[in-house]
Amino acid sequence: MQVEIPVTSGQPPRDPILTVENVSKRFGGLTAVGNVSFKVKEGEIFAIIGPNGAGKSTLFKLITSALRPTEGEIVFRGENVTGLSPHLVAAKGMVRTFQETTIFRDMTVIEATRNAHYVTGQAGLLGIFFNSKAARQDLADIDASTDRILELLELRSVARERSKNLPQGRLRALGMAMALAAHPKLLLLDEPFAGMNSDETDQMIGIVRRIRESGVTVMLVEHDMPAVMRLSDRIVVINFGKKIAEGVPEEIKTSQAVIDAYLGEEDEELGI
Amino acid sequence: MIRSNQVWAFLILALVYIVGVPFIVESRYILGILASAAGLSIIALGAWLTLAIGRVNLGQGAFALVGGYVVAIATTRWGVSFWLAIVVAGFISAAVGVVLGLGILRLRGVYFAMITLSFTEAVRLALLNGGEFTGGAGGISRIPVPGELSLLGVTIIPAFNSVNTHVASFVLSGVLLALAVLLCWRISACRIGGVFVSMQQSEELAQSVGVNITHLRIVAFGIGSFLGGIGGGYFAAAQQSVYPGGFGVPDSVSLVLYCFLGGIGYVAGPVVGTFLLFLGFQFLQDFQQYQMLAYSLLMVALMIWLPNGVLSLSEAGWIRRYRSQHGQAGAHHAG
Ligand SMILES: Nc1ncnc2c1ncn2[C@@H]1O[C@H](COP(=O)(O)OP(=O)(O)OP(=O)(O)O)[C@@H](O)[C@H]1O
Ligand SMILES: [Mg+2]
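Remember, it's a predicted structure, so these values are computed and weren't measured experimentally.

Residues and elements named next belong to chain A. By nearness alone, 13 residues border ligand 1, and K56, S57, T58, Q99 and H223 come closest of all. A distance of 2.9 Å separates an oxygen atom of ligand 1 from a polar backbone atom of G53. When ligand 1 sits alone it has 640 Å² of accessible area, and the protein chains cover 63% of it. Elements represented by at least two residues in the shell around ligand 1 include exactly β2 (30-41) and α1 (56-63). Of all the elements, α1 adds the most residues to the shell around ligand 1, at 3 residues.

This is the structure in structure tokens:
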């Protein structure tokens, strides 16, 4: 397997764009996320891995405020955003994609991407209704942005297809297109390679890298280990809701705790 | 996008209907039925706006009652002009809708439908037991017909009792309906309509890209309630009376059926649905006792053969082929 040198090496440390501090989430008696902390630096590709049910998606929902943490703090660009409404978190620049295929079924790809441009506009509802100058400018900006996003995600060729008719690989890309429409600074991808063959995965790896190059910090949850190792600068491993390792891909690959976690998925003793 | 030639086409159609029909139709009875269909269409458009955000709203009857009683009380007790009263009726209904919506718009599906249905019944009971203020079971009668509307001494609208009242009522219903259609058309064609459709398809996804869904649900429901109040206010003046049973649960249900019949994907859907069903039953008087049975059968048939409503026929294969042969553009599709 090809190992890449993380972009962070040899550069001065950057401010964290996201700080997750002692975050826990309990559902009744079940601790889905237990006391997890880590920092994500601006401009990196940061992966969260772990066995099924480890709490990865829950962590993404906590970070983007779709769920409220039982304990702990989420700090985004120096601002405590814990417990803020999800739409406000999105407006501040943190947007996630969904693990399940969640789309605007009956819209075409281009309509769905356009409609997802909600927070980028300047005009208010009345301005939009009366087609004010600001609203017309917004429309022009949205068209340009939609164009750029469809190009970036290689969705141009299916722009006029209905979302519900897309193959799985393209659906993932559409989910990312809609997330990018909110012009995030931090994009959280929940299993972007799920259901893809190796060609589609390669294509998607290229896309994620280009998203990062466009200035967006990327976090991802993924089960496809080879893809994660190729793509990520740093990785956090969680098991049974707890962080068990953090490091660059080479460190993770050789970590005994990680190997145990993946070998003993059924064995609670190894959950640490 | 709304193209300006579509707006012109609509305005001409509306003008032809509003001015032309009274010349052709001499029967007071038919003119009255058409005016009622227009009034109901306004209320149905309100239900359509809540359907647009994915909520089956069985409370439109209640908002029509609220609007009707506001006009009735304001004109008979306080001598307020109808023209002011109907605007106030719209806003009071909207305010009631906003307050109610704050509490219930988190609910979805059958829960939202049930609670709005209960609201229709609750308003009827409140009006029934409102004592002197609401007039109890008998409601409020002798509501004056709309008076003159003048601005700086210039008469804009003549007093209805100085002209043919039936024609004036018909014209009023047509103008109000045209305005309501323009309002809903504009909403669905601008970005707000796109956001409504987004919310209808997945609120969670819409919220994740930054849509303040709580706010927009209230906006949609509030405007829907406003239209309910305007429609109810119109009926109060047209029929010169209001009573608690004027709009009830069956009406609230019918209003939503009208939307489904016409097609909820189209702004014209509720209007087409209302005119078809309401007029259909008025002209088939003999069958009126079977109305609910017929509605039910119709709904089943609709779900099987025309799940997107009557207007979706305009996009059916054979029509599209006809169109492409004749080089015409596709029908306007809302949202
Ligand atoms: N809303 C909820 N209510 C109760 N339990 C929940 C809820 N959401 C998640 N859980 C539980 O929390 C644990 C973590 O779930 P989560 O979806 O975060 O796992 P995951 O790491 O994303 O798994 P996968 O790799 O299968 O997607 C699981 O045991 C799950 O059943
Ligand atoms: Mg998951």
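Before going further, it helps to examine the side chain of A:E191. All names here are of chain A. Position of E191 relative to the elements: it lies in the loop between β7 (186-190) and α7 (198-213). Here E191 sits buried without a salt bridge, and the closest side chain of opposite charge, K56, lies 5.1 Å off (N-O distance). Look past the residues within four positions of E191 in its chain and what remains in contact with it is Q99, R172, V221, E222 and H223.

Residue and element names in this part refer to chain B. Reported here for the second largest pocket is a volume of approximately 720 Å³. Along its surface, the second largest pocket is lined by 22 residues, and F10, L13, V181, W185 and A268 are the ones closest to its centre. Breaking the lining of the second largest pocket down by element, the ones donating at least two residues are α1 (4-24), α7 (165-189) and α12 (269-283). No other element matches the 7 residues that α1 contributes to the lining of the second largest pocket. Looking at the lining of the second largest pocket residue by residue, the class counts come to 18 nonpolar, 4 polar and no charged.

This part takes up the packing of helix α3 (residues 60-76) of chain B against helix α5 (residues 109-128) of chain B. Residue and element names in this part refer to chain B. Their axes nearest at 8 Å, the elements α3 and α5 cross at an angle of 30°. The pairing of α3 with α5 is recorded here as roughly parallel in orientation. Contacts between α3 and α5 involve A62, F63, L65, V66 and Y69 on the former and, on the latter, F119, T120, V123, R124 and L127. Tallied by class, residues from the contact of α3 with α5 come to 8 nonpolar, 1 polar and 1 charged.

To continue, consider the confidence of the model for chain B. Low pLDDT means the predicted atomic positions in that stretch should not be read closely. Residues and elements named next belong to chain B. Across chain B, pLDDT averages 88, with 92% of residues at or above 70. Confidence drops under a pLDDT of 50 for residues 326-335, and excluding neighbours within four residues, the segment shows 18 contacts in the predicted structure. Interface confidence for the predicted complex, given as ipTM, is 0.87, next to a pTM of 0.88.

Attention now goes to the pattern of salt bridges. Per the counting criterion, the structure on display carries 18 salt bridges over all chains. B:R191 is the partner of A:D138 in a salt bridge, and the nearest nitrogen-oxygen pair spans 3.7 Å. Here the residue A:D138 occupies a position in helix α5 (residues 133-152), and B:R191 occupies one in helix α8 (residues 191-201), the pair thus bridging two chains. By relative accessible area, which is 2% here, A:D138 ends up buried. Classification of B:R191 by relative accessible area gives buried; the value is 15%. Among the salt bridges present, the one from A:D147 reaches A:R156, with a minimum N-O distance of 3.2 Å. Overall, A:R156 belongs to the partly exposed group, its relative accessible area being 41%.

Here the focus is the packing of aromatic side chains. Residues and elements named next belong to chain B. Using the criterion set out here, one finds 13 aromatic pairs over all chains in the structure. Centroid distance Y17 to F170: 5.1 Å. Interplanar angle 45°. Geometry classified as tilted. Highlighted residues: Y17 in helix α1 and F170 in helix α7, separated in sequence by 153 residues. Ring geometry for F63 versus F119: centroids 5.4 Å apart, planes at 45°, classification tilted. One end of the pair, F63, is in helix α3; the other, F119, is in helix α5, with 56 residues separating them in the sequence. On the basis of relative accessibility, which here comes to 0%, the residue F63 falls in the buried class. Residue classification places F119 among the buried positions, given a relative accessible area of 14%. Within the aromatic cluster, the residues linked to one another by ring pairs are F63, F112, F119 and F221.

What counts, and where the lines are drawn
Residues numbered from 1 in each chain as written. Chains lettered and ligands numbered in written order. Predicted model: local features only at pLDDT ≥ 70, side-chain atom pairs only at ≥ 80, totals over all residues. Heavy atoms only, no water. Near = heavy atom within 4 Å. Polar contact = N/O pair within 3.5 Å; in protein donor to acceptor, adjacent residues only side chain to side chain. Areas by Shrake-Rupley, 256 points an atom, 1.4 Å probe, with all protein chains shown as cover. Helix = DSSP H or I, 4+ residues; strand = E, 2+ residues; numbered from the N terminus. Buried < 20%, exposed > 50% of the residue type's maximum accessible area, 1.4 Å probe, protein only. Lys, Arg positive; Asp, Glu negative; His and termini not counted. Salt bridge = Lys/Arg side-chain N within 4 Å of Asp/Glu carboxyl O. Contact = heavy atoms within 4.5 Å. 1 Å grid on protein atoms, 1.4 Å probe; cavity = no way out; pocket = protein on both sides within 12 Å on 5 of 7 lines; lining within 4 Å. Points joined across faces, edges and corners; volume = space filled by probe spheres on them. Nonpolar A, V, L, I, M, F, W, Y, C, P; charged D, E, K, R; others polar. Axes fitted to C-alpha atoms, helices over the stretch in contact; angles between N-to-C directions. Parallel < 35°, antiparallel > 145°, perpendicular 65-115°, else oblique. pLDDT = per-residue confidence, 0-100. Phe/Tyr/Trp six-rings, centres within 6.5 Å; stacked < 30°, edge-to-face > 60°.

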